[in-house]
Amino acid sequence: MRASTLSFLGALAVLSTACGDDDATADTDAGTNDASIDGGGSDAGGNGDAGDPDGCIAVRATTWTLEGLDDVSIGYLARLVPEVDGDVYDLSIQFYRYETEYVGTFDVSTGPDSNHESCAHCVQAWHGTDRSRGFFVTEGTLELTSDPFEMRLAGSLTGARLIEVTIEGPTLMSVPVPDGRCLVVEDVEFDRTFAPEGWTCATESWHDGETCDCGCGPIDPDCYEDLPIEGCFPGEVCVGVPNQEILRIDGACKEACDRATGDACDVGVCSFGPNNVDVCVSELEDWDPEADVGETCAEGAGFCAIDEGGFVRGVCDIHDRNDRECKPTCDEDTDCDVAAFERCYTITAGWPPEGFCSPRYPLDWTCSGDRYEDGTYCDCACGVFDPDCYDETRAVRGCGDDETCVDGSACEPIPANDTCAAAIPLTPGTPVTGNTLGALPQYAAATPCVTSEQRGPDVVYSIALTAGQTLTVTATPSEHNLALSLRGPGAASVCDATSSCIAGVDARERAMAETLTHTATTAGTYYVIVDSFWSGEYGEFTLNATVTP
């Protein structure tokens, strides 16, 4: 889940094009590849240059540009050379705001950074604007010597290996493409400072750490620090003002006030601004003079609960729940009703930040507020996804004994043939329909039958074979990507042994049939397992088995 802290008034600052000198030198944008590439355990490879020990395509990152910047992320792009099988790809290093560090050395192949759905330091490669399929890092070290959110990319990327993936599901998980391609990126060092699109002052004045340059277009990050202000009159401060036409936060000079001391505004009302500085809001449509705490604000209003002195005591919620309710201002969580599971939802970037009191659980959450993201249980069927369900080791609460939690939001019945002991017998030549929705991932270890572990939900069918008979099983999914594996022969307990996997297939993509063929050398009961390679792949399928002679 991406960070929820928003800029002043909650508007996005989409700053998508780099300005300034685009020249790059070899010592800043390229390095020497001395990485030792280990090919074990991946789903991609074998389609690249023969000179690479893992069959990957060797590429090099060239000039870096700013890909984009908003309240919760920033990204940098570098064109890869040569082209990848005739297509132009860009190496992308994208950063998302989580409670983590952004200066230091990061192994991007492990932990949250190892998948697109959870990475804070994301190393990937894309073809044009297509973000549904590309390459994602599986090995590599990213070293950063400056905060990338300050629009400076400084550090290095070494030992980077990327495999081909598709981006799947509501969480945008990166899923390896079976038998996909892979890239090895030559080690690269970089040190580049950028200014955002629309910056009208000198490029070197952007975030120089010396002065807050106001009125230059996008608000200078230096204006969030206690630095001298350039471009404003005495008694004014520089604050972020939403530019609705281009979805950007611009820097603007505003009259200062002080709610704590009672220093009121000559015009307008006194509200909080960034960096814990109160400012005067002079446009009437920015506040609702009638709405008090707990009441609904007028359409478009940002502030409410205005006292007799002209001081703002409430914020119209157009940020968190977006229900336009007037909610009391706050500086920290303890200012809110903690017993009612409220927290201070911040909307300024200052220190300390300021915001308004709002429930810490989503609007559509139907369970008790203390159960949302409690760090203990995966609470299912509560209206919306519980982030605790990201951890598959947590016990599920809210589902029955014969149900499981699917996608962290719905309880589904566990199929009757969820295990080998409850396998449904197959009749050769008679198709059956099945569904892996609600099934548990009982039989994950399918290697060496297929190229990767099958960690998705699985169901089981059984069939009796005599020595010399050839079994052919075809499974056709309705829309998901499935796999097949075969265990046996023997009693149901044979499925518990990972070495009992004797055949398998996971060669096709979503909504495509998989066919498994095996000739029995020993008579007995065999178990056909319908599976998939990750938890988000499940659904209906048709299964047809034939036996010859």
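Everything below is about the structure printed above this text.
Asker: Give me the overall build of the protein: which residues, what numbers.
Answerer: If you tally the helices and strands in the protein, you get one helix and 34 strands. Accessible area for the protein stands at about 24200 Å²; split by element, carbon and sulfur atoms hold 48% of it.

Asker: Which residues make up the sheet that holds strand 34 (residues 540–548), and what values go with them?
Answerer: The four strands are arranged 27-34-29-32 in an open sheet whose pairing can be described as antiparallel. Edge positions in the sheet fall to strand 27 (432–435) and strand 32 (514–519), since each of these pairs with one other strand and no more. Pairwise comparison of adjacent strand axes, ignoring direction, gives a mean angle of 25 degrees for this sheet. Summarising the sheet, strand 27 and strand 34 pair through four bridges and their orientation is antiparallel. What sits directly across from Asn435, in strand 34, is Glu540.

Asker: Could you give an account of the environment of Ser282, with specific residues and numbers?
Answerer: With respect to the secondary-structure elements, Ser282 resides in the loop between strand 16 (278–281) and strand 17 (303–306). Sequence-wise, Ser282 and Val267 are 15 residues apart; in three dimensions their C-alpha atoms are separated by 5.9 Å. Once you skip the residues sitting within four places of it in the chain, Ser282 turns out to touch Val267, Gly268 and Trp287.

Asker: How would you sum up the pattern of salt bridges? Please name residues and give values.
Answerer: Within the structure shown, the criterion is met by 22 salt bridges. Notably, a salt bridge pairs Glu509 with Arg133, separated by 3.7 Å at the nearest N-O pair. Taken together, the residues span a long stretch of sequence, with Glu509 in the loop between strand 31 (501–505) and strand 32 and Arg133 in strand 6 (residues 130–144) at a distance of 376 residues. Judged by relative accessible area, which is 38%, Glu509 ranks as partly exposed. By relative accessible area, which is 28% here, Arg133 ends up partly exposed. Close ionic contact of Asp374 with Arg397 constitutes a salt bridge, the shortest N to O distance being 3.0 Å. Of this pair, Asp374 sits in the loop between strand 21 (355–359) and strand 22 (378–379) while Arg397 sits in strand 23 (residues 396–397); the two residues are 23 residues apart in sequence, bridging distant segments of the chain.

Asker: Go over the sheet that holds strand 16 with me, naming the residues and quoting the values.
Answerer: Taken in spatial order, the four strands of this open sheet run 13-14-16-15, and their pairing is antiparallel. One side of each edge strand has no neighbouring strand; the edge strands of this open sheet are strand 13 (236–243) and strand 15 (269–272). For this sheet, the mean angle separating the axes of adjacent strands, direction not counted, is 55 degrees. Bridge count between strand 15 and strand 16: four bridges; the pairing is antiparallel. Bridge assignment links Ser271 to a residue of strand 16, and that residue is Val279.

Asker: Please give an account of the pairing of strand 9 (residues 182–185) that cites residues and values.
Answerer: Both faces of strand 9 are covered, namely the face carrying Cys182 and Val184 and the face carrying Leu183 and Val185. Note that strand 1 (residues 57–69) and strand 9 share three bridges and pair parallel. Bridging from a neighbouring strand, Ile57 pairs with Leu183 of strand 9. As defined by bridge partners, strand 7 (residues 152–168) adjoins strand 9 across four bridges and the pair is classed as antiparallel. Within strand 9, the residue paired with Ile163 across the bridge is Cys182.

Asker: Lay out the nonpolar core in plain terms, naming residues and giving numbers.
Answerer: Core analysis: the biggest nonpolar cluster contains 51 residues, and Trp64, Tyr76, Leu91, Phe95, Leu162, Leu183 and Phe190 have the highest contact counts within it. Secondary-structure elements contributing two or more residues to this core are strand 1, strand 2 (73–81), strand 3 (90–96), strand 5 (121–127), strand 6, strand 7, strand 9 and strand 10 (188–193). The leading source of residues in this core is strand 7, at seven residues. Counting 22 residues, the second largest nonpolar core, distinct from the first, contains Leu465, Leu471, Val473 and Ala545.

Asker: Give a description of the state of the cysteines that names residues and reports values.
Answerer: As enumerated under the stated definition, the model contains 17 disulfides in all. Here Cys119 connects covalently by a disulfide to Cys122, the sulfurs 1.9 Å from one another. Its torsion about the S-S bond being 100 degrees, the disulfide of Cys119 and Cys122 is classed as right-handed. With respect to burial, Cys119 and Cys122 carry one shared label: buried. Paired through a disulfide, Cys297 and Cys316 show a sulfur-sulfur distance of 2.1 Å. Disulfide Cys297-Cys316: torsion about the S-S bond near -90 degrees, hence left-handed. You can see Cys297 sitting in the loop between strand 16 and strand 17 and its partner Cys316 sitting in strand 18 (residues 312–316), a full 19 residues away along the chain. Among the residues examined, Cys297 registers a relative accessible area of 2% and is labelled buried. Cys316 sits in the buried class, given a relative accessible area of 0%.

What counts, and at which threshold
- Residues numbered from 1 in each chain as written.
- Predicted model: local features only at pLDDT ≥ 70, side-chain atom pairs only at ≥ 80, totals over all residues.
- Heavy atoms only, no water.
- Helix = DSSP H or I, 4+ residues; strand = E, 2+ residues; numbered from the N terminus.
- Areas by Shrake-Rupley, 256 points an atom, 1.4 Å probe, with all protein chains shown as cover.
- Pairing = 2+ DSSP bridges.
- Axes fitted to C-alpha atoms, helices over the stretch in contact; angles between N-to-C directions.
- Contact = heavy atoms within 4.5 Å.
- Salt bridge = Lys/Arg side-chain N within 4 Å of Asp/Glu carboxyl O.
- Buried < 20%, exposed > 50% of the residue type's maximum accessible area, 1.4 Å probe, protein only.
- Core = buried A, V, L, I, M, F, W, Y, C linked by side-chain atoms within 4.5 Å.
- Disulfide = S-S within 2.5 Å.

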